[in-house]
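# Topology and contacts: notes
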Amino acid sequence: MDSTATATGPLTVAIDPQLTERVPGYVLGLIAVPQVEVVRSVPAVADRLTAAEDALHAAQLSKADVAALPAIAAWRDAYRAVDVNPNRFPCAAESVLRRVAKGDRLPRINSLVDLCNAVSLGSHLPVAACTVDDIADRLDVRLARGDETYLPRGAPDAPARPEPGEVVYADRQGRAHSRRWNWRQGAVVGTDVGLRRIVLTVESAHEDGRAAVEQALGLLTKALTDLGGAPGQPLVLDRTASFGVLFDTPQDTPTGAPKGPQDAPVG
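Calculation criteria
Residues numbered from 1 in each chain as written. Predicted model: local features only at pLDDT ≥ 70, side-chain atom pairs only at ≥ 80, totals over all residues. Heavy atoms only, no water. 1 Å grid on protein atoms, 1.4 Å probe; cavity = no way out; pocket = protein on both sides within 12 Å on 5 of 7 lines; lining within 4 Å. Points joined across faces, edges and corners; volume = space filled by probe spheres on them. Helix = DSSP H or I, 4+ residues; strand = E, 2+ residues; numbered from the N terminus. Axes fitted to C-alpha atoms, helices over the stretch in contact; angles between N-to-C directions. Parallel < 35°, antiparallel > 145°, perpendicular 65-115°, else oblique. Left-handed = near helix turned anticlockwise from the far one by under 90°. Contact = heavy atoms within 4.5 Å. Nonpolar A, V, L, I, M, F, W, Y, C, P; charged D, E, K, R; others polar. Expected span 1.5 Å × (residues − 1). Buried < 20%, exposed > 50% of the residue type's maximum accessible area, 1.4 Å probe, protein only. Polar contact = N/O pair within 3.5 Å; in protein donor to acceptor, adjacent residues only side chain to side chain. Pairing = 2+ DSSP bridges. Salt bridge = Lys/Arg side-chain N within 4 Å of Asp/Glu carboxyl O.

With that settled, consider the layout of surface pockets. For the largest pocket, the calculated volume is near 980 Å³. Forming the walls of the largest pocket are 40 residues, and the residues nearest its centre are Ala92, Asn117, Asn182, Trp183 and Gln185. No other element matches helix H5 (residues 92–101), which puts 5 residues into the lining of the largest pocket. For the second largest pocket, the calculated volume is near 150 Å³. The wall of the second largest pocket is formed by Val42, Ala44, Val45, Arg48, Leu115, Leu219, Lys222, Ala223, Asp226 and Leu227. Where the lining of the second largest pocket is concerned, the elements lending two or more residues are helix H2 (43–59) and helix H7 (209–226).

What follows is the structure, given as structure tokens:
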């Protein structure tokens, strides 16, 4: 992928009702950033990630303690609800929490990925940066049919198929950009250094998770502004407001589309 963000136009994001039938408490928060320069390292972000790691080291949580955290326990239940074994395929937040809790530090990737990891460690929620330079029109969070194409990070020339019924982020071109919900991110949406068109995601599955998602979105919005981005108003989706438009303006909102302060088109 080249270093210049080229995609333009609105991007509709939707949660399939079949998913929220299985996991009624699922909440998806999103922030659209039309352009941001992703660099290898920013001191303030590096310090933030180190502080989050230090706090977990001090807590001395065991693997069982991590699994019992309310946000993580709910994700484990959510994975079971879509027939995925959370012991074999832990959600993204559990993966990073486990790694740090046992005394390790996370690899430093770049300013945006490191920021997401810092917020994920503090919130216990999956937080991800997704480059959407190559995604147009629509992105659906839904149960996989099994005929989608997934390009693994690090091995984009070895396409795979998601298993029918696992949760994926899928586009209109038949591509899945995640495996097993947020367990693995695909190559197309991976965020590398350079000028990028970005969508940040924050997800929860626990009771009252919306408040935690909104708090994390607020932290990310401020940090993105400090990094030189111009983030749009956060968008929060759930079973009652299951779709919204990113990279758009309020006056272009279709009649009947959500217009509340956290459910409006942003950009």
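Read on, since the account is not over.
For the pair H2 and helix H6 (residues 111–123), the least separation of the axes is 9 Å and the interaxial angle reads 30°. The angle between the axes of H2 and H6 places the two elements in the roughly parallel class. Taken as a pair, H2 and H6 cross one another with a handedness that is left-handed. Across the interface between the two elements, Val45, Arg48, Leu49, Ala52, Glu53 and Leu56 of H2 pack against Ser111, Asp114, Leu115, Asn117, Ala118, Val119 and Leu121 of H6. A breakdown of the residues in the contact of H2 with H6 according to their chemical character gives 8 nonpolar, 2 polar and 3 charged.

Counted at 1.5 Å a residue, the expected span for H7 with its 18 residues is 26 Å, and the 26 Å between its end C-alpha atoms agrees. Of the positions making up H7, those classed as buried are Gly209, Val213, Ala216, Leu217, Leu220, Thr221, Ala223 and Leu224. Where H7 is buried, its residues contact strand E2 (27–38), H2, H6, strand E3 (127–131), strand E10 (194–204) and strand E11 (235–237). Phi turns positive one or two residues past the end of H7, at glycine 228, with a value near 95°.

Structurally, the position occupied by aspartate 133 is in the loop between E3 and strand E4 (137–143). Judged by its relative accessible area of 10%, aspartate 133 is buried. Within the local environment of aspartate 133, its side chain forms a polar contact with the backbone nitrogen of arginine 197, the two atoms lying 3.0 Å apart.

Counting buried positions along E4 yields 5 of 7 residues, so the element is predominantly enclosed. Here 5 bridges tie strand E1 (residues 11–15) to E4, and the two strands are oriented parallel to one another. Opposite isoleucine 15, over in E4, you have valine 141 as the bridge partner.

A separate point is the pattern of salt bridges. Throughout the structure, instances matching the rule amount to 21 salt bridges. Among the salt bridges present, the one from arginine 172 reaches aspartate 137, with a minimum N-O distance of 3.6 Å. Residue arginine 172 is found in the loop between strand E6 (167–171) and strand E7 (175–176), and its partner aspartate 137 is found in strand E4; the two are separated by 35 residues along the sequence. The exposure class assigned to arginine 172 is exposed, which follows from its relative accessible area of 57%. Across the salt bridge formed by aspartate 226 and lysine 222, the nearest N and O atoms sit 3.2 Å from each other. Placement of both aspartate 226 and lysine 222 in helix H7 is noted, with a separation of 4 residues, approximately one turn of the helix. The same class applies to aspartate 226 and to lysine 222, which are both exposed. Bridged by salt links that share partners, the residues Glu53, Asp54, Arg105 and Arg108 form one connected network.

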